[in-house]
Amino acid sequence: MNETDTVALLLRVVLGVVMIAHGLNHWRGGGRIAGTARWFTGLGLTHGTLQAWLSVLTEVGAGALLLIGLFTPLACAAVISVMLVAGVLAHRPNGFFVFKEGYEYVLTLAVVSLALAVLGPGSASLDEAAGIDMTGWAGGGIALGVGVAGTAGLLATFWRPKPAPAPNPVEQEAS
């Protein structure tokens, strides 16, 4: 293994563990599936329980694929999509910094995923063992394209934000 292989392995392991932990937390942590479903519904997503389970499966599945280095650009696409949805629905309105619930963290995970898709999984991966070579700009293009398409599809299908409350005519006349 050379330096690039070592860096790819390090990125895959850390990102994979983070995603598995995040998915398991949606399932077994805090509010469990019911709490995760309520949170997703509060963000304007329909079918909150379905969204919660899809999130768990996507995060744990992508994390596991990253750990073993299999279908790496597609695993990265799943991470990018999850982070885009979180960034758009939950974090964007809060600005950049994570300590204010901003999008700093989800942006970092998405960009690391894109960089890993371009870099490739390295020699210590099932992709390498199976002769699957989706790296460079092709790997990055697959990860970004599939990630953005997945996000767009999910939002078009399930996102129904609540309309802004109508102005109160009495309050407007008083001002």
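These lines cover the structure that appears in this document, whether it is placed above or below. From a predicted model like this one, the values you see are computed outputs, not experimental measurements.

Some remarks on helix α5 (residues 104–119)
For step 1, the next point in the chain: Spanning 16 residues, α5 covers 22 Å between terminal C-alpha atoms, matching the ideal 22 Å at 1.5 Å per step.
For step 2, the next point in the chain: Considered for burial, the residues of α5 that qualify are Val106, Leu109, Ala110, Ser113, Leu116 and Ala117. Down the axis of α5, the buried side of the element spans an arc of 125°, and every buried residue falls inside it.
For step 3, the next point in the chain: The inward-facing, buried residues of α5 contact α1 (3–28), α3 (48–68), α4 (72–91) and α7 (136–158).
For step 4, the next point in the chain: With its phi angle positive at about 95°, Gly120 sits one or two positions after the end of α5.

Looking at the layout of surface pockets
For step 1, the next point in the chain: Reported here for the largest pocket is a volume of approximately 530 Å³.
For step 2, the next point in the chain: As for the largest pocket, its lining consists of 26 residues, and the residues nearest its centre are Ser55, Glu59, Ser81, Val82 and Val85.
For step 3, the next point in the chain: Those elements that provide at least two residues to the lining of the largest pocket are α1, α2 (32–42), α3, α4, α5 and α7.
For step 4, the next point in the chain: The element contributing the most residues to the lining of the largest pocket is α4, with nine residues.
For step 5, the next point in the chain: Taken together, the residues of the lining of the largest pocket sort by class into 16 nonpolar, nine polar and one charged.

Some remarks on α1
For step 1, the next point in the chain: In this model, α1 (26 residues) spans 37 Å end to end at C-alpha, consistent with the 38 Å of a helix rising 1.5 Å per residue.
For step 2, the next point in the chain: Packing partners of the buried residues in α1 comprise α2, α3, α4 and α5.
For step 3, the next point in the chain: The backbone nitrogen of Thr4 lies 3.0 Å from a side-chain oxygen of the residue at the head of α1, namely Asn2.
For step 4, the next point in the chain: Immediately downstream of α1, the backbone of Gly30 shows phi near 30°, a positive value.

Digging into the environment of Gly44
For step 1, the next point in the chain: For Gly44, the position within the fold is in the loop between α2 and α3.
For step 2, the next point in the chain: Take Gly44: its relative accessible area is 7%, and that puts it in the buried class.
For step 3, the next point in the chain: For the pair formed by Gly44 and Ala90, sequence separation is 46 residues and the distance between their alpha carbons is 10.0 Å.
For step 4, the next point in the chain: Each residue touching Gly44, except ones within four places of it in the same chain, is listed here: Phe158, Trp159, Arg160 and Pro161.

Observations concerning the packing of α1 against α5
For step 1, the next point in the chain: Orientation of α1 relative to α5, taken along the N-to-C sense of each, is 140°, at an axis distance of 10 Å. Between α1 and α5, the angle is such that the two are oblique. In this structure, α1 meets α5 at a crossing whose hand is left-handed. Of α5, the residues touching α1 (which contributes Thr4, Val7, Ala8, Leu11, Arg12, Leu15 and Val18) are Tyr105, Leu109, Val112, Ser113, Leu116 and Leu119.
For step 2, the next point in the chain: Of the residues assigned to the contact of α1 with α5, the class counts are 10 nonpolar, two polar and one charged.

Conventions and cut-offs
Residues numbered from 1 in each chain as written. Predicted model: local features only at pLDDT ≥ 70, side-chain atom pairs only at ≥ 80, totals over all residues. Heavy atoms only, no water. Helix = DSSP H or I, 4+ residues; strand = E, 2+ residues; numbered from the N terminus. Expected span 1.5 Å × (residues − 1). Buried < 20%, exposed > 50% of the residue type's maximum accessible area, 1.4 Å probe, protein only. Arc of directions from axis to C-beta. Contact = heavy atoms within 4.5 Å. 1 Å grid on protein atoms, 1.4 Å probe; cavity = no way out; pocket = protein on both sides within 12 Å on 5 of 7 lines; lining within 4 Å. Points joined across faces, edges and corners; volume = space filled by probe spheres on them. Nonpolar A, V, L, I, M, F, W, Y, C, P; charged D, E, K, R; others polar. Polar contact = N/O pair within 3.5 Å; in protein donor to acceptor, adjacent residues only side chain to side chain. Axes fitted to C-alpha atoms, helices over the stretch in contact; angles between N-to-C directions. Parallel < 35°, antiparallel > 145°, perpendicular 65-115°, else oblique. Left-handed = near helix turned anticlockwise from the far one by under 90°.

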